[in-house]
Every structure is written in C-alpha cells, then in structure tokens.
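# Structural description and commentary
Given next are the chains, with one letter for each unit.
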Amino acid sequence: MTRWRNLIIDAWGALSYKPAFEQAASGRSGRLPGHAGASWIPEADRRRLAAYTVLAAYNTNQAAALLGDDGVDRREYGDPSLIVNQTLAHLLGESQKIVIPETVDQDQDEDTDTGPEDGGAAGTRETLLRQWAESEHLWLRIQHAERTAVLLGDTVYLLSWSRAEGRPVLKTIDPGFYFPVLPDGAIDADTYPERVHLAWEVPADPATGRGATMRRVTYELGAISQDGTATRRYPWSTQPSTRTCYLTDAEWDLKHVNRGEGADALSLKHARFRTNADGDLLNRLDLQLDFIPIVHVPNTISGPEHFGQSSLMAAAQLLDDLGAADTDSQRAAATTGSPIIGLSGARLAVDRKSGQPLPVRVEPGMVWPLGESGQLTTLDTSAQLAEMRAYVEVLRDRLSVITRLPGSVLGTVDPAQVPSGYAMQLSFGPLNAMVRSMRLARAAKYPLLLKMVLRLYQAGGVLPAGENPRAEVTFGSYLPSDQAGTLDLVVRGVQAGVLSQETGVRMLADSGFPIQDAARELERINAEKTSAAAREAAMLNAAEAEGTGERNDDEENESAEQTPDALTA
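Turning next to the overall build of the chain. Within the chain one finds 14 helices and 13 strands. Burial status across the chain gives 38% buried among its 569 residues. Long-range contacts, defined here as pairs at least 24 residues apart, represent 65% of the contacts in the chain between residues at least 6 apart. Accessible area for the chain stands at about 32,000 Å²; split by element, carbon and sulfur atoms hold 51% of it.

Put into structure tokens, the structure is as follows:
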C-alpha cells in the first residue's frame with residue numbers, strides 16, 4: 001500500500017514501476033544520468049526528464065542497466081529500436097513535400113528558379129519554401145526530429161535568421177532542454193507559451209580548469225517599451241503591435257546556482273551574458289519579431305496536455321518481460337548445446353598436489369574410460385528451450401497488438417503466408433488509426449513552422465510585406481499496395497464511367513505510382529491523347545490521299561489503253 005500512496009497519473013506514469021525512474025522523478029538522480037535531479041529543474045519537469053532518460057536507454061539496448069546488478073546478464077535484442085524505426089517510417093510515409101493549397105500558378109515548375117521579387121504570389125512562396133527546405137536539409141532534420149518524438153514523446157524545432165546565409169536556419173533541439181513557462185502553471189496544449197527556456201548543464205573540463213556551468217537561452221514575448229505604448233508594424237500584418245520577442249543567452253557557474261532556484265527564477269547577479277556573431281550582447285536582445293521562433297511537436301494527441309507520449313510507453317513492461325524471456329531462452333539454449341553430464345565409475349585426472357579430481361571438460365572426441373558399473377547421464381533441456389521460444393513468440397505477438405504494428409511490419413509474419421491481400425489490409429487497421437492520429441497531432445505544427453519561415457524571410461527583407469498563404473508539409477503513402485490491381489480497377493472504373501479520370505489518377509498516385517501532381521498528370525494524358533488522335537487523323541488522311549492518287553493513276557491508264565481503239569473506230 002505504501003508504494004501507491006503518491007500515485008501520479010500522467011503521460012509518464014507507465015514507468016512508475018521502475019525504481020530508477022521514481023528516484024529521479026523525486027529529485028534523486030539515482031542510476032539515471034543527466035540533469036533530471038539537478039536543483040534548477042522545475043518540479044513539474046522532473047518526471048518528464050526521467051522518462052526521457054529511461055526511454056533513451058531502451059532505444060540503445062541499455063535498459064537492463066537500470067536494474068543494477070540484476071540486469072548484468074539481461075539480453076536486449078533491439079525490439080524497442082525496431083518499434084521506433086517502423087513507427088517513424090509509417091508516420092512519414094514514402095515521401096514528404098511542401099505544398100500551398102492556394103497556389104495560384106499551377107503551371108509553375110517545381111525546379112524553376114523563381115525569385116521572391118515576383119510579388120506575393122503563392123506559387124513564389126511555395127518555390128521559395130522548397131528551395132529553403134533543400135538548403136536546410138529539411139527532410140533529414142525532420143527524420144531526426146520525428147524519431148526523437150516517436151521515442152521520447154516530444155521534439156522541438158528552433159528557427160533563427162542567418163545574415164551570412166541570407167535565410168532562416170533550422171535546428172532540432174533535444175526536448176530535455178525545453179522548459180516552457182506555461183500560463184499560471186496550466187498545461188494546455190492550445191496555449192502557446194510566452195516565455196520559453198532552453199537550458200542544460202555543461203560538464204567541467206579538467207584539462208582547461210573550467211568548472212561545470214549551466215546555460216540558459218530564453219525567448220520571451222514582451223512590450224516594445226517599458227510603458228507599453230510603443231508600437232511596431234511587422235511586414236506580415238497590417239495592424240500595429242506593441243509586442244516583440246526578446247532573446248537572452250546567459251550562463252552560470254553551478255556553484256552559484258542556489259538550490260531551489262528553478263530555471264525560470266535564476267538570479268542574474270552571477271550570470272555571464274553571451275554575444276552573437278555580430279557582437280550583440282544577448283541580454284534581452286530585440287529580435288524584431290512578434291512570435292517565439294520555437295515549435296514544439298508532441299508525438300500524440302494528449303487532450304489538454306502540452307507534452308506528448310512515447311510510442312514505447314504502453315509497451316515498457318512488455319519489453320522488460322521480452323528481455324527476461326530472451327535471457328531465459330538463451331540460458332536454456334546454452335544448456336541444450338552444452339548439456340549437463342553426470343559421470344559415475346570413470347577414471348578422472350587428479351591434481352597431484354591436492355589429490356582432488358580436476359574439472360572435467362566436455363570436448364569433441366573426448367573419451368572417458370568407465371568401469372563395469374560406470375554410467376554417463378545427460379540432462380536434456382530441449383523441451384524447456386522449445387517452451388521458452390514459444391513464450392517469446394507469444395510476447396512478440398502481444399507486442400504487435402500493444403504497439404499497433406502488425407506482424408508483417410515487425411517481421412514476425414511472412415507476407416507470403418498471408419491468405420489474401422484483403423486479409424493483409426485488415427491487419428493494417430490498427431496501424432492506420434495510429435498513423436492518422438499521429439499525423440493529426442502534427443497537423444498544426446508544421447504549417448506553423450513554415451509560417452515562421454516565411455515571416456523570417458519578410459523580416460530579413462527577402463519577401464515583400466503582406467499576408468502569407470498557408471503552407472503545409474504533406475506525408476506520402478505508407479501502406480503496401482497492389483499496383484497491378486489498382487491499375488486494373490482504375491481502367492475499368494474510368495471505362496464504365498463510375499470514376500473520373502482525375503480520381504483515377506489520384507488513386508494511382510496513392511498506390512505508389514510516380515505521379516507528383518494529379519492535375520498535371522491528367523493534362524499530360526489528355527495532351528498525349530490529343531496528339532495521338534491528330535497523328536492518327538493525319539495518317540488516315542495520308543492513306544486516303546494515297547488511295548485517291550492510285551485510283552487516278554488507274555483511270556489514266558484505262559484512258560490511255562482505250563484511246564487507240566477509239567482512234568481506230
């Protein structure tokens with residue numbers, strides 16, 4: 001009963017059975033590395049940081065280290081990493097693309113080098129965003145950030161304007177460094193924080209004699225002037241604003257960080273402020289923005305919760321049981337491959353000094369002379385090994401159900417053994433629901449990121465003033481499809497008049513055909529049909545003309561043949 005007196009139900013409660021997690025969550029780091037137990041960590045964030053460390057240990061096959069001496073021989077075969085990788089692959093799909101639904105210039109080619117001086121057209125901004133994505137390696141960064149989100153439950157993007165590059169620069173931030181100050185302490189996913197800290201500890205460097213420090217980067221929305229009357233008109237808005245974003249970057253020696261001072265309440269008395277590349281002192285530096293250029297992406301929809309939940313959270317105890325079963329199976333395999341042997345009546349070598357029999361070694365070709373009543377007995381553990389392997393398979397099937405990843409995705413089912421394609425599609429039902437939910441959790445985050453990118457371009461003078469259209473990041477299809485069957489279905493549906501050509505082309509694109517734009521593909525198809533019809537008509541005309549010429553030649557020949565007879569007559 002004592003264990004459950006302080007029951008806490010939150011996004012990280014599934015790890016409460018781990019003593020190492022409970023120790024770190026209560027302010028005692030215990031076996032967990034990192035700064036989860038540091039004095040400057042806000043009380044509300046201790047459980048989150050402890051959970052991040054535990055989940056990271058699962059990902060690197062080091063969860064057994066949290067068990068202390070009991071986990072020394074524990075086997076871990078990478079099941080958590082497989083779950084994360086497969087979930088990530090289906091979340092992002094086969095391709096990612098930046099689109100603006102309100103694009104005006106539908107005929108503009110994606111590779112056209114269109115400059116921002118062409119005005120505020122949506123097509124221009126779409127091209128600029130795609131060029132920016134290529135320059136910033138956006139899809140690679142999204143892969144890294146989203147893997148963190150799937151594993152830990154959260155990921156964070158940070159944007160800043162680079163004068164040297166002439167474009168916004170994107171960074172991915174470890175969510176363990178992210179400390180938002182939510183209004184009135186409420187955890188509300190719909191409320192954007194007006195003060196965000198990025199804080200972490202820098203360990204001491206004995207080689208240089210530098211002591212351990214704590215660094216905090218703060219973004220805060222505040223009034224432009226102290227009296228709150230000064231206004232500024234930003235290029236993306238027609239209304240004047242009284243607010244701006246301030247940046248502060250400072251560091252403290254850990255010995256000057258008083259116990260009980262949270263990351264939001266650190267005294268600036270002992271702070272050392274840093275400078276940027278332009279030599280500006282980063283002490284409430286005015287960024288000339290009316291927003292905080294940080295985007296937090298949760299992995300799941302957690303109702304009013306600000307933070308998301310890891311895809312491993314629900315399966316944590318099952319992963320522990322699977323590791324224990326793998327360990328027992330390995331031990332049973334060891335005794336099966338090298339069985340326990342009992343000898344009686346055998347002449348064994350004796351240590352000359354002690355007179356005790358030497359240890360018996362079992363090797364190929366070994367011969368033991370046995371007496372008349374000598375016996376050799378082996379302990380057969382193959383039956384136990386078979387039971388352990390069956391138990392492991394039961395746990396893996398249970399893991400597939402809990403994580404909503406079908407066996408064909410986890411590699412536990414041979415797709416060739418599936419009775420039909422329809423049966424395989426049914427097995428993807430839970431995965432479909434999970435991916436839709438995860439993409440919905442990101443539906444407002446990536447448009448917000450691209451919105452900030454366009455505004456930074458405007459603040460940097462690259463784009464003209466004006467309202468920006470909504471830009472989105474679309475994720476491609478992730479399910480295996482029967483392309484031949486889909487093609488046959490589309491052809492029959494279009495011929496029967498129950499499917500439009502555009503719908504058919506979209507179905508082909510969704511099934512994996514290399515079609516980038518359904519409308520443009522349909523235009524190409526119609527253009528090729530028109531061209532083919534014109535060529536066919538030209539060939540028919542040529543054939544008719546050729547046939548007419550042959551008939552005229554025949555008539556002339558007949559006339560020439562009849563002329564001598566007529567003259568004779």
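With that out of the way, let us pick up the pattern of salt bridges. This model, assessed by the stated rule, comprises 25 salt bridges. For the salt bridge of Asp-278 with Arg-163, the shortest nitrogen-to-oxygen distance reads 3.1 Å. With Asp-278 in the loop between strand 8 (272-273) and strand 9 (285-286) and Arg-163 in the loop between strand 2 (154-162) and strand 3 (167-173), this residue pair connects regions lying 115 residues apart in the sequence. A relative accessible area of 45% places Asp-278 in the partly exposed class. With its nearest N and O atoms 3.2 Å apart, the salt bridge here joins Arg-272 to Asp-253. With Arg-272 in strand 8 and Asp-253 in strand 7 (residues 243-253), the pair connects residues that are 19 residues apart, well separated along the chain. We classify Arg-272 as partly exposed; its relative accessible area is 34%.

On to helix 2 (residues 46-59). Helix length check: helix 2, at 14 residues, gives a terminal C-alpha distance of 20 Å against a target of 20 Å (1.5 Å per residue), a fit within 8%. Burial within helix 2 is extensive, with 12 of its 14 residues counted as buried. If you check which residues of helix 2 are buried, you get Arg-46, Arg-47, Arg-48, Leu-49, Ala-50, Ala-51, Tyr-52, Val-54, Leu-55, Ala-57, Tyr-58 and Asn-59. Among the structural elements, helix 1 (19-25), helix 3 (79-92), helix 5 (138-152), strand 2, strand 4 (178-180) and helix 6 (316-337) are those in contact with the buried residues of helix 2. The first or second residue beyond helix 2 is Asn-61, which carries a positive phi of 60°.

Our next topic: the packing of aromatic side chains. On inspection of all chains with the given rule, the structure shows nine aromatic pairs. Consider the rings of Phe-177 and Trp-200, whose centres lie 5.5 Å apart with planes at 35°: the pair is tilted. Here the residue Phe-177 occupies a position in the loop between strand 3 and strand 4, and Trp-200 occupies one in strand 5 (residues 195-202), the gap between them amounting to 23 residues. Taking the relative accessible area as the measure of exposure, Phe-177 reaches 28% and is therefore partly exposed. The class for Trp-200 is partly exposed, based on a relative accessible area of 21%. Counting every residue linked through ring pairs, the aromatic cluster contains Trp-12, Tyr-178 and Phe-307.

Structurally, the α-helix is built with 3.6 residues per turn, so residues lying three or four positions apart point the same way. Taken residue by residue, helix 13 (residues 501-510) has Gly-504, Val-505 and Leu-508 as its buried positions. Considered in projection along helix 13, the buried side chains sweep an arc of 100° and stay on one side of the axis.

Another aspect to go through is the sheet that holds strand 2. One open sheet holds the three strands; their spatial order is 3-2-10, and the pairing between them is antiparallel. The open sheet has two free edges, formed respectively by strand 3 and strand 10 (294-298), since each of these has just one partner strand. On average, adjacent strands in this sheet sit at an angle of 20° to one another, irrespective of strand direction. Bridge analysis of strand 2 against strand 10 gives five bridges, and the strand direction is antiparallel. If you follow Thr-155 over to strand 10, its bridge partner there is Val-297. Most of the contacts of helix 5 go to strand 2, to which it runs at about 150°, and overall it touches strand 2, strand 3 and strand 10.

For the rest of this paragraph, the subject is the environment of Trp-252. Residue placement: Trp-252 occurs in strand 7. It is 9.4 Å that separates the C-alpha atoms of Trp-252 and Ser-267, two residues lying 15 residues apart in sequence. With residues near it in sequence (within four places) discarded, Trp-252 still touches Ala-212, Thr-213, Met-214, Arg-216, Val-257, Leu-266, Ser-267, Leu-268, His-270 and Ala-271. There is a polar contact of 2.7 Å between the side chain of Trp-252 and the backbone oxygen of Ser-267.

Positive phi, normally seen in glycine, also occurs at Arg-284, with a value near 55°. Mapped onto the secondary structure, Arg-284 falls in the loop between strand 8 and strand 9. Not every positive phi belongs to a glycine, and Arg-404 is a case in point at roughly 60°. Note on Arg-404: relative accessible area 35%, which makes it partly exposed.

Along the chain, Thr-327 falls in helix 6. Looking at Thr-327, the relative accessible area reads 4%, which means it is buried. A polar contact of 2.8 Å, which involves the side chain of Thr-327, links it to the backbone nitrogen of Arg-75. Sequence-distant contacts of Thr-327, that is, excluding residues within four places in its chain, are made with Asp-73, Arg-74 and Arg-75.

Take the packing of helix 6 against helix 7 (residues 382-403) next. Where helix 6 meets helix 7, the axes come as close as 9 Å, and the angle between the chain directions of the two elements is 160°. With respect to their mutual orientation, helix 6 and helix 7 come out roughly antiparallel. The way helix 6 lies across helix 7 gives a crossing that is left-handed. Contact residues: Leu-318, Leu-319, Asp-321, Leu-322, Ala-325, Asp-326, Asp-328, Ser-329, Ala-332, Ala-333 and Thr-336 in helix 6; Ser-382, Leu-385, Met-388, Arg-389, Tyr-391, Val-392, Leu-395, Arg-396, Arg-398, Leu-399 and Ile-402 in helix 7. A class-by-class count of the residues in the contact of helix 6 with helix 7 yields 13 nonpolar, three polar and six charged.

Take the environment of Leu-379 next. As for its placement among the helices and strands, Leu-379 is situated in strand 12 (residues 370-379). What makes Leu-379 partly exposed here is its relative accessible area of 46%. Taking the C-alpha atoms as reference, Leu-379 lies 8.2 Å from Gly-342; in sequence the two are 37 residues apart. Other than its neighbours up to four places away in sequence, Leu-379 contacts Pro-339 and Ile-340.

Attention shifts here to the nonpolar core. Ranked by internal contacts, the top residues of the largest apolar core, which has 104 residues, are Trp-40, Trp-132, Tyr-157, Tyr-219 and Ile-294. Core analysis: the second largest hydrophobic core is formed by six residues, Val-490, Val-505, Ile-515 and Leu-522 among them.

Cut-offs and rules
- Residues numbered from 1 in each chain as written.
- Predicted model: local features only at pLDDT ≥ 70, side-chain atom pairs only at ≥ 80, totals over all residues.
- Heavy atoms only, no water.
- Helix = DSSP H or I, 4+ residues; strand = E, 2+ residues; numbered from the N terminus.
- Buried < 20%, exposed > 50% of the residue type's maximum accessible area, 1.4 Å probe, protein only.
- Contact = heavy atoms within 4.5 Å.
- Areas by Shrake-Rupley, 256 points an atom, 1.4 Å probe, with all protein chains shown as cover.
- Salt bridge = Lys/Arg side-chain N within 4 Å of Asp/Glu carboxyl O.
- Expected span 1.5 Å × (residues − 1).
- Phe/Tyr/Trp six-rings, centres within 6.5 Å; stacked < 30°, edge-to-face > 60°.
- Arc of directions from axis to C-beta.
- Pairing = 2+ DSSP bridges.
- Axes fitted to C-alpha atoms, helices over the stretch in contact; angles between N-to-C directions.
- Polar contact = N/O pair within 3.5 Å; in protein donor to acceptor, adjacent residues only side chain to side chain.
- Parallel < 35°, antiparallel > 145°, perpendicular 65-115°, else oblique.
- Left-handed = near helix turned anticlockwise from the far one by under 90°.
- Nonpolar A, V, L, I, M, F, W, Y, C, P; charged D, E, K, R; others polar.
- Core = buried A, V, L, I, M, F, W, Y, C linked by side-chain atoms within 4.5 Å.

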